[in-house]
Amino acid sequence: MAVETERYDRALLLHGVKRNEVLTLEEVERYGRDSFGDPDYVSIYGLRPREWYARGVRILGRTAVECTRDVLADAMGQTIAANIAMLAPGPRVLAIDPFAGSCNTLSWILEHVPASEGLAFELDARVSELTRRNLALLGRPIELIEDDSLKFLHDRPLPSDRALVFFIAPPWGTALDERTRRLDLRRTTPPVTEILASLSARYATQPLLFAVQVYQKLEHASFSEAEALLDRPKFRVFGFNAAGQNHGILVGTRGWALRSP
Ligand SMILES: C[S@@+](CC[C@H](N)C(=O)[O-])C[C@H]1O[C@@H](n2cnc3c(N)ncnc32)[C@H](O)[C@@H]1O
């Protein structure tokens with residue numbers, strides 16, 4: 001009998017031969033087991049891998065690595081909703097994920113923010129096709145546009161009668177320094193700082209809330225630059241991973257007043 005020695009890790013799934021391959025259930029569980037000691041690590045859409053797989057959901061190798069899993073997406077959705085609850089009641093919320101991937105985070109944001117609608121963008125045709133299919137299978141009412149989000153958001157208007165909630169999690173690329181383990185918000189692809197500046201200018205007449213997924217340690221100057229682009233910035237780190245390897249969220253608004261006492 002052949003002995004399986006290949007390790008299912010980030011390198012194989014994100015940069016190796018599995019990047020653009022649809023994974024089997026065994027492979028999804030093996031990635032969780034090999035990399036995190038947990039076959040259920042890639043729990044998304046509120047379901048464990050064997051549950052979402054049984055419902056017909058399929059993901060590529062790259063999406064298994066890039067997706068935001070349930071514990072974190074749920075916590076970020078709750079944090080965003082709690083921040084919105086402190087703001088003056090405004091128009092209906094349109095929540096937008098310009099870097100959709102699995103769309104799991106947007107699903108959780110819609111779950112927690114009352115009466116919100118969802119709009120997502122995905123550049124990669126294969127990821128977009130699978131995510132659209134997965135959302136339909138699960139009955140998640142998210143409009144997914146296959147396009148470069150920043151170009152689209154720059155060129156075309158969004159409904160002007162909505163408060164806009166942007167969830168910003170662009171690919172990190174080399175922005176997370178291997179040595180210092182600090183994330184540089186000016187070096188993501190594209191830079192978070194540029195996204196905040198350009199969306200704030202583009203939608204200056206609407207109430208805006210930005211939620212940026214970050215790492216627990218941030219390169220100081222880039223953090224200050226991002227904070228300066230936001231009103232009432234708040235930074236929170238979650239504790240779902242091993243010490244020193246946790247994700248967090250930076251939330252701030254533009255043109256959206258606090259709720260009166
Ligand atoms: C880190 S994943 C996002 C994870 C996602 N938020 C979730 O909840 O699972 C980033 C995704 O953004 C897509 N992407 C990168 N640049 C993009 C762009 N300019 N426009 C649209 N999608 C983009 C990538 O193809 C990838 O699928």
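Numbering of residues begins from 1 in every chain and follows the order in which that chain's sequence is written. This being a predicted model, a pLDDT of at least 70 is required before a residue's local features are given, and a value of 80 or more before pairs of side-chain atoms are given or counted; all residues contribute to the totals for chains, interfaces and linings.

Take the nonpolar core next. Of all hydrophobic cores here, the largest spans 52 residues; its most connected members are A95, L106, I109, V165, I168, A211 and V212. A run of H or I in DSSP counts as a helix once it spans at least four residues, and a run of E counts as a strand once it spans at least two, with each numbered from the N terminus. It is strand 5 (residues 208-215) that contributes the most residues to this core, seven residues altogether. What L106 contacts, discounting residues up to four positions off in sequence, is A95, D97, A100, G118, A120, I142 and F167. By convention in this section, buried Ala, Val, Leu, Ile, Met, Phe, Trp, Tyr and Cys residues joined through C-beta atoms within 7 Å make up a nonpolar core. Labels follow a simple rule on C-beta atoms placed from the backbone: if 20 or more others lie within 10 Å of a residue's own, it is buried; if 12 or fewer, it is exposed; otherwise it is partly exposed. Counting 16 residues, the second-largest nonpolar core is a separate cluster that includes Y31, V42, V65 and C67. Once C-beta atoms are placed from the backbone, any two residues with those atoms within 7 Å are in contact.

Before going further, it helps to spend a moment on the sheet that holds strand 1 (residues 93-97). The pairing of strands in a sheet comes from backbone hydrogen bonds and takes either a parallel or an antiparallel form. In this description, strands pair whenever DSSP reports at least two bridges between them. Here seven strands make up an open sheet; going across it, the order is 3-2-1-4-5-7-6 and the pairing mixed. A single partner strand is all that each edge strand has here, and the edge strands are strand 3 (142-146) and strand 6 (231-237). Mean inter-strand twist for the sheet, computed between neighbouring axes without regard to direction, equals 15°. In this structure, strand 1 lies alongside strand 2 (residues 117-122), joined through four bridges in parallel fashion. Looking at the pairing, A95 lines up with G118 of strand 2. Contacting strand 1, strand 4 (163-168), strand 5, strand 6 and strand 7 (247-254), helix 5 (residues 70-85) crosses the sheet at an angle of about 25° to strand 7. For helices, the fitted axis covers only the stretch in contact; all axes are lines through C-alpha atoms, and the angles between them, taken along N-to-C directions, range from 0 to 180 degrees. Taken strand by strand, helix 6 (residues 104-112) contacts strand 1, strand 2, strand 3 and strand 4, and its axis lies near 165° from that of strand 1.

Delimitation of the domains relies on an automatic or database domain assignment. Considered domain by domain, the protein chain is made up of domain 1 (10-66) and domain 2 (70-254). Put simply, the middle of domain 1 and the middle of domain 2, counted by C-alpha atoms, are 22 Å apart.

Right, let's get into the site of the ligand. For each residue, a C-beta atom is placed from the backbone, and the residue is labelled near a molecule or strand when this atom is within 6 Å of it. Close to the ligand lie 22 residues, the nearest being F99, G101, T105, L123 and S149. Secondary structure elements with two or more residues in the shell around the ligand: helix 6, strand 2 and helix 8 (149-155).

So, on to the environment of L130. Structurally, the position occupied by L130 is in helix 7 (residues 125-138). Beyond its immediate sequence surroundings of up to four residues, L130 is in contact with R58, I59 and L60.

Relative orientation of the contacting elements helix 5 and helix 6 amounts to 40°, with a least axis distance of 8 Å. Between helix 5 and helix 6, the angle falls in the class oblique. For the pair helix 5 and helix 6, the crossing hand works out as right-handed. Listed contacts from helix 6 to A73, D74, M76, G77, Q78, I80 and A81 of helix 5 are N104, T105, W108, I109, E111 and H112. Small angles under 35 degrees read as roughly parallel and large ones over 145 as roughly antiparallel, with 65 to 115 read as roughly perpendicular and the rest as oblique. For any pair of crossing helices, the crossing counts as left-handed if the nearer helix is rotated counterclockwise from the farther one by less than a right angle, and right-handed if it is rotated clockwise.

Put simply, helix 9 (residues 192-202) and helix 10 (residues 220-228) touch, their axes get as near as 9 Å, and they point 10° apart. By the angle between their axes, helix 9 is roughly parallel relative to helix 10. Here helix 9 contributes V192, T193 and L196 to the contact with helix 10, which in turn contributes S222, E225 and A226. Here the contact of helix 9 with helix 10 is built from residues that sort into three nonpolar, two polar and one charged. Residue type decides the class: Asp, Glu, Lys and Arg count as charged, Ala, Val, Leu, Ile, Met, Phe, Trp, Tyr, Cys and Pro as nonpolar, and the leftover types, Gly among them, as polar.

Turning next to unusual backbone geometry. In this model, T189 is joined to P190 through a cis peptide bond whose omega is -5°. Residues other than glycine seldom take positive phi values, yet A115 does so here, at roughly 50°. Counting through the fold element by element, A115 comes out in the loop between helix 6 and strand 2.

All right, on to the pairing of strand 2 then. Where burial is concerned, most of strand 2 is hidden: five out of the six residues are buried. The β-α-β motif built from strand 1, the intervening helix 6 and the parallel element strand 2 has right-handed crossover chirality. In this sheet, strand 3 lies alongside strand 2 in parallel orientation, the contact comprising five bridges. Bridging across to strand 3, L119 finds its partner in E143. Of the crossover connections in this fold, the one passing from strand 2 over helix 7 to the parallel strand 3 is right-handed. We call a crossover right-handed when, viewed with both strands directed away from the observer, the connection leading from the first strand over the helix to the second proceeds clockwise.

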